[in-house]
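# Descriptive structure summary
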Amino acid sequence: MRYEVKAVLARQGTVFLQLDAPSEEDARLQVAAQGGRVLNVRRKFSGWVPKPKVRFPLTHFSHELLSLLEAGLSLVEAIETLADKEQDAGTRQIIQGLLARLYEGVTLSKALESFPQAFPPLYVATARASERTGDLPESLTRFITYQTQMDLVRKKLIGASIYPVLLLTIGLLVAMFLLVFVVPKFSAIYEDAGGDLPWLSMLLIKWGHLVHEQGLRLAGMAAALLIAIIYGVRQPAFKTWVSAQLWKIPAIGERMKIYQLARFYRTLGMLLRGGIPVVKALEMVSGLLQAHFRPRVQAAAALIREGKTISSAMQAEGLTTPVGSRMLRVGERTGQMGEMMERIGSFHDEEIARWVEWATKLIEPLLMAVIGGVIGGIIILMYMPIFQLAGNVG
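Residues numbered from 1 in each chain as written. Predicted model: local features only at pLDDT ≥ 70, side-chain atom pairs only at ≥ 80, totals over all residues. Heavy atoms only, no water.

### Focus: the pattern of salt bridges
Formally: Salt-bridge detection follows one rule: a side-chain nitrogen of Lys or Arg within 4 Å of a carboxyl oxygen of Asp or Glu. Numbered from the N terminus, helices here are DSSP runs of H or I no shorter than four residues, and strands are runs of E no shorter than two. Working definition: with a 1.4 Å probe on protein chains only, accessible area under 20% of the residue-type maximum means buried, over 50% means exposed, and in between means partly exposed.
Applying the stated criterion to the full structure yields 10 salt bridges. Taking the shortest distance from any N to any O, the salt bridge between Asp349 and Arg266 comes out at 2.5 Å. Residue Asp349 is found in helix 16 (residues 337–393), and its partner Arg266 is found in helix 11 (residues 250–273); the two are separated by 83 residues along the sequence. Each member of the pair, Asp349 together with Arg266, is buried. Residue Glu357 pairs with Lys361 through a salt bridge whose shortest N-O separation is 3.5 Å. A residue pair is termed a helical-turn pair when its members lie 3 or 4 positions apart in one helix, as Glu357 and Lys361 do in helix 16 at four residues. Glu357 gets classed as partly exposed once you look at its relative accessible area, which sits at 46%. By relative accessible area, Lys361 is classed as exposed at 57%.

As structure tokens, this is what we get:
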């Protein structure tokens, strides 16, 4: 949204500014970051204009902030330095807004809460935990380690899916090229042969006639179908439905559960090590899980409030595996529950990595065989009449 702000700036007097901000409060913060005083704010309606989303580099920001704090700078000095060096306008705007909130005397966690588009609740909780212990660098180090490990797992999953998706896409494009451009040419050649052709070749020839006569209509229908698929894939309800269907497949559903548990225990362990009580940490972590997992987390938190141990509560609600249950009991005996939960997350991450590697090695040759069979079948059906004609001549 765009706002017209009347403000007083040092050495400039009263000025009128045109600012892009998600809310009126954010517009005021932008003026305060420049050392000005707001007199009036008015929202300016200029029609619907799509605004690109600002992708805040949270991990990079945390790395730089940690380096400056370890170099001896205060928190405000460190963020001032980051604001001065930042080149991206959207990122600099968020850092300046954060700095303006710190100038007002609020705590770091409160300042971070003012920018939920950049700082997730987990990051805010990490900062709040550091305010209790007085050790912000340690909390930042813990968060950076956690985020790096989560990004590594995500990159492994994405990297493993790139080749199969690329292979499938190229195979489909080749098959569509044969059906749309090559088969109609052959249908014109074989048109005089009539009923002497094999019935599968006759089907391909009829398809060629259909493409020739209704090509524009088929192209329009294909484009509409593609747009509908893209729109549906981007809808949260569709993603939820697909996820629910995948969970019903035993082999895939079990691996998806382990992946969710790995994120769950990594995040929970980081929060516990940061000093967050276990019940509060469970409430914060539930938002990271699939929708059908969240009631289980809430039920486990209720059991812990009633006095049950963490291991028994997790096991009762199906939030652990046999290995995880044993490790939780060890953590309860040693009093190092946070470290043990992070180890559980690492154990499940390694299990997922092994499964992804095995599945990739299995899926790639299967895809190649299927795509090769489809393309080869189309080519054989196109040339089968020629083979038949050669046999008759012989």
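### Some words on the packing of helix 2 (residues 58–70) against helix 3 (residues 75–85)
Worth spelling out the cut-off: Lines fitted to C-alpha atoms define the axes, with helix axes restricted to the stretch in contact, and inter-axis angles between N-to-C directions lie between 0 and 180 degrees. Angle categories: roughly parallel below 35 degrees, roughly antiparallel above 145, roughly perpendicular from 65 to 115, and oblique for all the rest. Handedness of a helix crossing follows the sense of rotation of the near helix relative to the far helix, less than a right angle counterclockwise being left-handed and clockwise being right-handed. Residues count as neighbours in contact if any of their non-hydrogen atoms are within 4.5 Å of one another. Residues are grouped as follows: Ala, Val, Leu, Ile, Met, Phe, Trp, Tyr, Cys and Pro are nonpolar; Asp, Glu, Lys and Arg are charged; every other residue, Gly included, is polar.
Relative orientation of the contacting elements helix 2 and helix 3 amounts to 130°, with a least axis distance of 9 Å. Comparing their axes, helix 3 and helix 2 come out oblique. The crossing of helix 2 and helix 3 is right-handed. On helix 3, the residues touching Phe61, Glu64, Leu65, Leu68 and Leu69 of helix 2 are Leu75, Ala78, Ile79, Thr81, Leu82 and Lys85. Tallied by class, the residues present in the contact of helix 2 with helix 3 amount to eight nonpolar, one polar and two charged.

### Focus: the packing of aromatic side chains
Selection criterion: Any pair of Phe, Tyr and Trp rings, taking the six-membered ring for Trp, is counted once the centres come within 6.5 Å. Such a pair is stacked with planes under 30 degrees apart, edge-to-face with planes over 60 apart, and tilted for the rest.
For the coordinates displayed, the defined rule picks out seven aromatic pairs. With a centroid separation of 4.7 Å and an interplanar angle of 85°, the aromatic rings of Tyr123 and Phe143 are classed as edge-to-face. In this pair, Tyr123 is assigned in helix 6 (residues 121–133) and Phe143 in helix 7 (residues 136–189), connecting sequence segments 20 residues apart. Of the two residues, Tyr123 and Phe143, neither departs from the other in class, the shared state being buried.

Everything listed here is a matter of geometry and, on its own, says nothing about what the molecule does.
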